[in-house]
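# Analysis of the macromolecular model
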Amino acid sequence: MSELSSYESFSIEVKDHIAHLQFSRPEALNTMNKAFWLELPRCMQDIEANTDARVIVISSTGKHFSAGMDLGVFSDPKAVPMNGDPGRMAENLRRVVLQLQDTLTSLEKIRLPVLAAIHGGCIGGALDLVCAADSRYCTEDAYFTIKETELGMTADVGTLQRLPKLMPEGVVRELAYTGRKFSATEAQNLGFVNAVYADQESMLAGVMAIAGQIAANSPLAVTGCKEMLNYSRDHSVEDSLKYMATWQAGMFRPTDMMKSFQAKAQKQAPKYDALFPVKPLFDQ
């Protein structure tokens, strides 16, 4: 297993098959600067290729989970030219937005479950990010807002596409149109977060315990669950059932099931083989 890369925006610790990624710029309210957008997908790939992690926990440091997009991302004339032919500027901006979307979609594409542990403000782009996680947990002081509306733009990197799949659409429309904050209690009542904790310490303990339960299961079974749930969200029931049958025909083997039966008979915890690491094509 190789060493993890170092990152400007995160710190990462892998222990007991759990990768804990923490935002590490509390002095800047963990805003999502240019380095963040470049590093997040690389970090996901790094975890898959170079660790034995079976689940990822994302948390943060300082006062807020994240204050969202660093406006410096769009003030760079090299990335987003503000003069020239309007059609060419529009084509360029479209590609920039697609790249930003892909950064957050990396949380969905990674085969490992991603759990977001949120405290304080989860604002704008940070809400886009946690919408792409598998499950969300927060502290009592947490709040969420589609801040982009209040700033005069339409949220464009995932919230408006994913949030209606996670809570009632009428509520999402209200939150999007008004840009108002919604609290931890409201988020839990709407089913957006799984649980609310008194403080960050108890939240991390609780989320790590859940991550431990996930990591104790067959990694092949867990990644199959994520693949099927993501596919089913975006396809019909009939199509999803057919894909499930095809997946099972190709991926199911009795090895892990026999290990679980034997471990229970011996009153021990089963030990499953790791998945093969995800490597770039022809990587040596």
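Residues numbered from 1 in each chain as written. Predicted model: local features only at pLDDT ≥ 70, side-chain atom pairs only at ≥ 80, totals over all residues. Heavy atoms only, no water.

- In the nomenclature of an unreviewed UniProt entry, the protein is known as Enoyl-CoA hydratase/isomerase of Marinobacter manganoxydans MnI7-9.
- Its UniProt record gives the protein the following Subcellular location (unreviewed entry) comment, quoted word for word: "Peroxisome".
- Of the comments in the UniProt record for the protein, the one headed Sequence similarities (unreviewed entry) reads "Belongs to the enoyl-CoA hydratase/isomerase family." (UniProt positions renumbered as here; feature names shortened; annotations may be inferred.)

### Focus on the environment of R54
- With respect to the secondary-structure elements, R54 resides in the loop between α1 (34–50) and β3 (55–59).
- The class for R54 is buried, based on a relative accessible area of 11%.
- Sequence separation of R54 and C131 is 77 residues, and the distance between their C-alpha atoms is 20 Å.
- If sequence neighbours within four positions are ignored, R54 has contacts with H17, L112, P113, I214, A215, N217, P219, Y272, D273 and A274.
- Here A215 takes part through its backbone oxygen, which lies 3.3 Å from a polar atom of the side chain of R54. (Helix = DSSP H or I, 4+ residues; strand = E, 2+ residues; numbered from the N terminus. Buried < 20%, exposed > 50% of the residue type's maximum accessible area, 1.4 Å probe, protein only. Contact = heavy atoms within 4.5 Å. Polar contact = N/O pair within 3.5 Å; in protein donor to acceptor, adjacent residues only side chain to side chain.)

### Some remarks on helix α7 (residues 169–178)
- Residues V171, V172, L175 and A176 constitute the buried set of α7. Looking straight down α7, one finds its buried side chains confined to an arc of 130°; they lie on one side. Facing away from the buried side of α7 by over 90 degrees, the exposed positions are G170 and Y177.
- Looking at the buried positions of α7, the neighbouring elements they touch are α5 (147–151), α6 (159–162) and β8 (181–183).
- Positioned one or two residues after α7, G179 has a phi angle of 75°, which is positive. (Arc of directions from axis to C-beta.)

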